[in-house]
Amino acid sequence: MASSGEEPRSGSPGRAGTGTEPSPTADAAQLDAAEDFEVLEEEEEEEDLSELPPLEDVGRPPAPPREDAQPSEQGGGEAAEDPQEWLDVLGSGLLKKKTLVPGQGVDTRPRKGQDVTVRLKATLEDGSVVEENPALTFTLGDCDVLQALDLCVQLLEMGETALIVSDAKYCYGAQGRSPDVPPNAALTLEVELLGARDAPDLELLSGKEKIELANRKRERGNFFYQQADYVLAINSYDIALKVIGSSSKVDFSPDEEAELLDVKVKCLNNLAASQLKLDHYEAALKSCNLVLEHQPGNIKALFRKGKVLAQQGEYREAIPILKAALKLEPSNK
């Protein structure tokens, strides 16, 4: 999977937890000690039974797409001079790629699911450098990094250096990344494809490696949740759960088994929260029930299950579940 370059502040521009996070209340800190991006505050005033569960309000809704949105002119100036050299990747004009140094042929392009290593330099329209990484490694197609990078690296040949000009939609969106990437900021990415290799066999991962990989995918889901991109959040949580649930030819210690279960529960809880955001009530109910199979007293799963049932009008079933949650934490507002 991804190297350490994916997560740190100086690494991938798509690292987890890059958004601005509100300060949780004392109650939220107590409830969400293991998932620090969740908060209890509700932005919208709603009837008690229709409120969504905690974790809703970290990411603001994305701004509507701008009619006049155009790729960065910092990297797009050359496009205006010689537009034939630019590839309109999605056909919308919002994501463009231009080869600066040719590669070794189309048959050397990486495949989805491979671990790729690139040299990356990212700049704003004014030329300010916001990222530089000489060897960023990530799993292609897993949305581990900015969408602009994930989409365009699939088109690079080995050894190729390309310029990618991307609208904010495929970078940090309406929220930006505090403190260096403003909201709705287009980016220009200079990328060189250095290497590609098949991802490690999940069956051969040690307990520690499997835990680290699952956590990276989960944290990426948290990042997308903060960006209010719930579809991609669900995708990342699903990938993390696939890692955890994969068969293994390696024996794990009891502590590693317990830690894997802990990561699984976090993923399922956050998966349920994302599904609720999209009004996918049956899917959210299934996620909550999977948590409760492992931890019958899990406060978040009980609360969300009660909310789902209430949203569906199943008040007779919802009330005892919510009462059970209240009994477990009577001081939780």
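The chain carries the name peptidylprolyl isomerase in an unreviewed UniProt entry, which gives Eudyptula minor as its organism. Quoted straight from UniProt, the Catalytic activity (unreviewed entry) entry for the chain says "[protein]-peptidylproline (omega=180) = [protein]-peptidylproline (omega=0)".

### Considering the overall build of the chain
Across its full length, the chain holds nine helices and six strands. Counting the 333 residues in the chain, one finds 50% classified as buried. Of the roughly 15700 Å² of accessible surface on the chain, a fraction of 50% belongs to carbon and sulfur atoms.

### Focus on helix α6 (residues 254–277)
For an α-helix, the turn length of 3.6 residues means that residues three or four places apart are oriented alike. Here α6 is 24 residues long and its end C-alpha atoms lie 35 Å apart, about the 34 Å a rise of 1.5 Å per residue gives. At the C-terminal side of α6, D279 shows a positive phi close to 60°.

### Describing the pairing of strand β6 (residues 187–198)
Working note: regular strand, side chains alternate between the two faces of the sheet. Both strand β3 (residues 114–123) and β6 contribute to a ladder of ten bridges, which runs antiparallel. By the bridge assignment for β6, V116 is matched with A196. Relative to β6, strand β5 (residues 161–166) runs antiparallel, the two being bridged by six bridges. Considered in β6, the bridge of S166 is made with L187.

### Quick look at helix α5 (residues 230–245)
With 16 residues, α5 extends 22 Å from end C-alpha to end C-alpha; this agrees with the ideal 22 Å at 1.5 Å per step. Three or more residues of α5 are buried, namely Y230, L232, A233, I234, S236, Y237, I239, A240, L241, V243 and I244.

### So, the sheet that holds β3
With antiparallel pairing, six strands are arranged side by side in an open sheet as β1-β2-β5-β6-β3-β4. Each end of this open sheet is capped by a strand with a single partner; those strands are β1 (86–88) and β4 (129–139). Ignoring which end each strand starts from, the neighbouring axes of this sheet average 25° apart. Across three bridges, the pairing between β1 and strand β2 (residues 95–101) is antiparallel. Among the inter-strand pairings, D88 is bridged to a residue of β2, identified as K96.

### Some thoughts on the packing of aromatic side chains
Enumeration according to the criterion identifies three aromatic pairs in this entry. By way of ring pairs, the aromatic residues Y172, F223 and F224 are connected into one cluster. Sitting above the plane of the F224 ring, R220 keeps its charged end 4.5 Å from the centroid.

### Side note on the packing of α6 against helix α7 (residues 281–294)
Remark: α6 packs on α7, axes separated minimally by 8 Å, with the N-to-C direction vectors making an angle of 160°. The angle between the axes of α6 and α7 places the two elements in the roughly antiparallel class. Two packed elements cross with a definite hand, and for α6 against α7 that hand is left-handed. Contact residues: α6 offers L261, K264, V265, L268, N269, L271, A272, Q275 and L276, while α7 offers Y281, A283, A284, S287, C288, L290, V291 and H294.

### Looking at the pattern of salt bridges
Between side chains of opposite charge, pairing is possible as soon as their charged atoms come close. A complete count under the given rule lists eleven salt bridges for this structure. Residues E192 and R119 are paired through a salt bridge, measuring 3.0 Å at the closest nitrogen-oxygen approach. One end of the pair, E192, is in strand β6; the other, R119, is in strand β3, and 73 residues separate them in sequence. Note on E192: relative accessible area 21%, which makes it partly exposed.

### A few points about the UniProt feature "repeat: TPR" (unreviewed entry) in the chain
Residues annotated in UniProt with the feature "repeat: TPR" (unreviewed entry) correspond here to residues 299–332. What you have in residues 299–332 is 79% helix and 0% strand, and the ends, taken at the C-alpha atoms, are 10 Å apart.

Cut-offs and rules
- Residues numbered from 1 in each chain as written.
- Predicted model: local features only at pLDDT ≥ 70, side-chain atom pairs only at ≥ 80, totals over all residues.
- Heavy atoms only, no water.
- UniProt positions renumbered as here; feature names shortened; annotations may be inferred.
- Helix = DSSP H or I, 4+ residues; strand = E, 2+ residues; numbered from the N terminus.
- Buried < 20%, exposed > 50% of the residue type's maximum accessible area, 1.4 Å probe, protein only.
- Areas by Shrake-Rupley, 256 points an atom, 1.4 Å probe, with all protein chains shown as cover.
- Expected span 1.5 Å × (residues − 1).
- Pairing = 2+ DSSP bridges.
- Axes fitted to C-alpha atoms, helices over the stretch in contact; angles between N-to-C directions.
- Phe/Tyr/Trp six-rings, centres within 6.5 Å; stacked < 30°, edge-to-face > 60°.
- Lys NZ or Arg CZ within 6 Å of the ring centre and 35° of its normal.
- Parallel < 35°, antiparallel > 145°, perpendicular 65-115°, else oblique.
- Left-handed = near helix turned anticlockwise from the far one by under 90°.
- Contact = heavy atoms within 4.5 Å.
- Salt bridge = Lys/Arg side-chain N within 4 Å of Asp/Glu carboxyl O.

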